[in-house]
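Spelled out, the chains give:
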Amino acid sequence: MPVIAVDRRASSPLHRQIYDGFRTAIVHGNLRPGQRVPSSRTLSVDLGISRIPVLNAYAQLLAEGYFEGRKGAGTFVSESLPETLAVCENQAPHAAPPGSGLRQVARRSLLTGTYEAPAWSRGWGAFCVHQPAFEQFPFPIWSGLVMRHCRNLSPGVIHNIDPLGSESFREAICTYLRTARAVHCQPSQVMVVSGSQQALAITARVLLGPGSPIWFEEPGYRLARKVFAEAGCRLIPVPVDEEGMLVSAGIRRSPKARAVYVTPSHQYPLGATMSASRRMQLLNWAQSSGSWIIEDDYDSEYRFESMPISSLQGLDRNARVIYIGTFSKVLFPSLRLGYIVIPQDLVDHFVAVRSAMDIFPPYLYQEVITDFMREGHFARHIRRMRLLYGERRTALVNNLREHFGSTLELHGAQAGMHLAVTLPQGLSDHEIATRAASKGLWLFPLSPSYLGESPRQGFILGFSNIAAQEMSSAVQQFRTLLPK
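Residues numbered from 1 in each chain as written. Predicted model: local features only at pLDDT ≥ 70, side-chain atom pairs only at ≥ 80, totals over all residues. Heavy atoms only, no water.

## Structural notes on the packing of aromatic side chains
Note the cut-off: Each aromatic pair joins two rings of Phe, Tyr and Trp (for Trp, the six-membered one) with centres within 6.5 Å, and gets the label stacked for planes under 30 degrees apart, edge-to-face for over 60, and tilted for any other angle. A helix here means a DSSP run of H or I that spans at least four residues, while a strand means a run of E at least two residues long, and both kinds are numbered starting from the N terminus. Any residue under 20% of the maximum accessible area for its type is buried, any over 50% is exposed, and the rest in between are partly exposed; the area is computed with a 1.4 Å probe on protein chains only. In this scheme, the term charge over a ring applies when either NZ of a lysine or CZ of an arginine sits within 6 Å of the ring centre and within 35 degrees of the ring normal.
The final tally for this structure, using the stated rule, is 26 aromatic pairs. Here the aromatic rings of Tyr302 and Tyr389 are separated by 5.0 Å at their centres, their planes lie at 80 degrees, and the arrangement is edge-to-face. Of this pair, Tyr302 sits in the loop between strand S9 (292-296) and strand S10 (321-326) while Tyr389 sits in helix H14 (residues 377-404); the two residues are 87 residues apart in sequence, bridging distant segments of the chain. Neither residue differs from the other here; Tyr302 and Tyr389 are each classed as buried. Cation over ring: Arg70 sits above Phe76, and NZ or CZ is 4.0 Å from the ring centre.

Next up, the structure:
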């Protein structure tokens, strides 16, 4: 309820002040049609006044149609208002009043641009990127674990304020990373965060400052680019090929860059796996130049033509790599849980920034995932999804080749939850994606992943949330959007 204030010293009578307060709240949209208002008795007690002024105000609001009474239920804001909110709703909801003066914002808030949700990112279905196969997730097991912890909440969990996160969860993460990703880590080096975006934001605050040069894959992950832009970094686009980032090109362009952001296991978006020689070259450069490597290992669990590739961090002998992972791809995105593996000497710096940002992460789901991992459900789920996504990936590749032939060039089909295709010259991925969204087909354009002025046109195609038997019809529909 909005605050209804009264002033006994004001010249306006109390019932008029109450009437004006409710009417203003309704017209400005702070009280919505159908919303219940307190009884006259309750409001009179809250305001510390006689009930009579409240009754008089309510009577006037009822008479003018702002309120409506429902027998046995109470008093509500009318579903059909007199002036109604048409005038208010046609105006910007929080527009600055005329004459309000300068309304300055920080320069850094302008560096990332405005938030946009383009047509191709609003749907659910064929080719959507980063959407797991939710229908295959073991929700009965998950629900049982959630209920177990809700019924047995301990004071330690309720009041645990460790900026690094739950110790038991960090131990489970370390066990998994050591065996599955060859990461060298101890629980004291692991920080639990709200997904990879927060991991990048904390890392940028600790390691980088305005003007700091940072190598960035070209093309690269657009949302990571926004984080570094907001931090005021100077982005150095470094091209990628079938072996991953061209380290030699980065050295030529900025030999003393403060850091590099890289996705070596499954380059986003083109899907290359960084070769062993490039990995060693990158590690040697970081050590000789005193630079940092930010490794985003976002979907390395899924490889279809070989065993999972060991992490870059596992090869690092000089503690130059900050390793970032997430549960969004292997479980589901709304968990908003990820982690950072931090070099031991930087942990205190990360903790200081984290505690200033949001103090500590929420604990319930950390405890749930800990049990989910320790009881073997996590490993079994990944094994099942690896087989399922392998089938769906094969179906997509075969159908693309059948229906498009050599029209499209395929990239990065060996791993992950997406692949990329590039278009012939003269076609616009933005224009095609907009038309596709109107038909319920969610094609993510490739061109926004480029920082330079001559981006390649193409699409990032997710295949994890579409059944193999439905792939043919989806690809055929995709084919109709391109010229013959």
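## Notes on the pairing of strand S3 (residues 74-77)
Selection rule: When DSSP finds two or more bridges between a pair of strands, those strands are recorded as paired.
Sheet analysis places strand S1 (residues 36-37) next to S3, joined by two bridges and oriented antiparallel. Among the inter-strand pairings, Arg36 is bridged to a residue of S3, identified as Phe76. Across four bridges, strand S2 (residues 67-70) lies against S3 in antiparallel orientation. Within S3, the position partnered with Glu68 by the bridge is Phe76. The loop that links S2 with its antiparallel partner S3 comprises three residues; one of these, Gly72, has a positive phi angle of about 80 degrees.

## A look at the nonpolar core
As a reminder, the rule being used: To form a nonpolar core, buried Ala, Val, Leu, Ile, Met, Phe, Trp, Tyr and Cys residues must be joined to one another through side-chain atoms within 4.5 Å. Two residues form a contact once any of their heavy atoms are found within 4.5 Å.
With 124 residues, the main nonpolar core has Phe127, Phe228, Phe327 and Phe478 as its most contacted residues. With 10 residues, the top contributor of residues to this core is H14. Beyond its immediate sequence surroundings of up to four residues, Phe478 is in contact with Phe127, Leu400, Phe404, Leu408, Leu441, Leu443, Phe459 and Leu461.

## Considering helix H8 (residues 195-207)
We apply this condition: In this analysis, the expected span of each helix is defined as 1.5 Å times one less than the number of residues it contains.
Its 13 residues place the ends of H8 19 Å apart at the C-alpha level, agreeing with the 18 Å of an ideal helix rising 1.5 Å per residue. Listed in full, the buried residues belonging to H8 are Gly195, Ser196, Gln198, Ala199, Leu200, Ile202, Thr203, Ala204 and Leu207.

## A short note on the sheet that holds strand S12 (residues 409-411)
Stated precisely, the cut-off is as follows: Fitted lines through C-alpha atoms give the axes, limited to the stretch in contact for helices. The angle between two N-to-C directions lies from 0 to 180 degrees.
Spatially, the four strands line up as an open sheet ordered S12-S13-S15-S14, and their pairing is antiparallel. Since the sheet does not close on itself, it has two edges, and those belong to S12 and strand S14 (444-445), each with one partner. Bridging between S12 and strand S13 (residues 418-422) involves three bridges; their strand directions are antiparallel. Pairing of Glu409 across the sheet is with Thr422, part of S13. Against the sheet, H14 contacts S12, S13 and strand S15 (458-462), and its axis sits at roughly 15 degrees relative to S13.

## A short note on the pattern of salt bridges
Quick reminder of the rule: What counts as a salt bridge is simple: a side-chain nitrogen of Lys or Arg found within 4 Å of a carboxyl oxygen of Asp or Glu.
Under the defined criterion, the tally for this structure stands at 14 salt bridges. In this structure, Arg354 and Asp358 form a salt bridge, with 2.5 Å as the shortest nitrogen-oxygen distance. Put simply, Glu68, Arg70 and Glu79 are held in one network by salt bridges that share partners.

## Some details on the side chain of His381
With respect to the secondary-structure elements, His381 resides in helix H14. Owing to a relative accessible area of 2%, His381 belongs among the buried residues under this scheme. Leave out the neighbours within four places in its chain, and His381 touches Gln136, Phe137, Pro138, Val330 and Leu331.

## Section: the packing of H14 against helix H16 (residues 471-479)
The test is simple: Any angle that is under 35 degrees is reported as roughly parallel, and any over 145 degrees as roughly antiparallel; angles of 65 to 115 degrees are reported as roughly perpendicular and all others as oblique. Helix crossings get a hand from a simple test, with the near helix turned counterclockwise from the far one by less than a right angle marking a left-handed crossing and a clockwise turn marking a right-handed one. As a working rule, the residues Ala, Val, Leu, Ile, Met, Phe, Trp, Tyr, Cys and Pro are called nonpolar, Asp, Glu, Lys and Arg charged, and the rest polar, with Gly in that last group.
Running from amino to carboxyl end, H14 crosses H16 at an angle of 40 degrees, the nearest separation of the two axes being 9 Å. When the interaxial angle is binned, H14 and H16 end up oblique. The way H14 lies across H16 gives a crossing that is right-handed. Contacts between H14 and H16 involve Arg392, Ala395, Leu396, Asn399, Leu400, His403 and Phe404 from the first element and Met471, Ser472, Val475, Gln476, Phe478 and Arg479 from the second. Its residues assigned to classes, the contact of H14 with H16 shows seven nonpolar, four polar and two charged.

## Looking at the sheet that holds S2
Strand order in the open sheet formed by three strands is S1-S3-S2, with antiparallel pairing between adjacent strands. Every interior strand has two partners, whereas the edge strands, S1 and S2, have only one.

## So, the environment of Asp358
Put simply, the rule reads: Distance and chemistry together define a polar contact, namely a pair of N or O atoms within 3.5 Å, with one atom able to donate a hydrogen and the other to accept it when in protein, and with adjacent residues in sequence counting only for side-chain atoms on both sides.
The residue Asp358 is located in the loop between helix H12 (347-357) and helix H13 (364-374) in this model. On the accessibility criterion, Asp358 (32% relative accessible area) is partly exposed. Residues Asp358 and Thr203, spaced 155 residues apart in sequence, show a C-alpha to C-alpha distance of 14 Å. One polar contact links Asp358 to Arg354, side chain to side chain, over a distance of 2.5 Å.

## Considering unusual backbone geometry
With an omega of 5 degrees, the peptide bond running from Glu218 to Pro219 counts as cis. Within the secondary structure, Pro219 sits in the loop between strand S5 (213-218) and helix H9 (222-230). Its identity is not glycine, yet Ala182 carries a phi of approximately 55 degrees, on the positive side. Its place among the elements puts Ala182 in the loop between helix H7 (167-180) and strand S4 (190-193).

## Describing the packing of helix H1 (residues 14-27) against helix H3 (residues 51-63)
Interaxial distance between H1 and H3 falls to 8 Å at its minimum, and their mutual angle equals 45 degrees. Taken together, H1 and H3 sit at an angle that is classed as oblique. Read as a crossing pair, H1 and H3 show a hand that is right-handed. Contacts between H1 and H3 involve Leu14, His15, Ile18, Tyr19, Phe22 and Arg23 from the first element and Pro53, Val54, Asn56, Ala57, Tyr58, Gln60 and Leu61 from the second. Each residue belonging to the contact of H1 with H3 can be placed in one class, and the counts come to nine nonpolar, three polar and one charged.

## Concerning the confidence of the model for the chain
Where the model shows low pLDDT, its predicted coordinates should not be examined in detail. Just so we agree on the cut-off: The quantity known as pLDDT measures the predictor's confidence residue by residue, on a range of 0 to 100.
For the chain, the average pLDDT comes to 90, and 95% of its residues sit at 70 or higher. Note that pLDDT drops below 50 for residues 86-91; the model gives that stretch four contacts with residues more than four away or on any other chain.

## Describing the side chain of Thr370
Within the secondary structure layout, Thr370 lies in helix H13. Look past the residues within four positions of Thr370 in its chain and what remains in contact with it is Ser168, Phe169 and Ala172.

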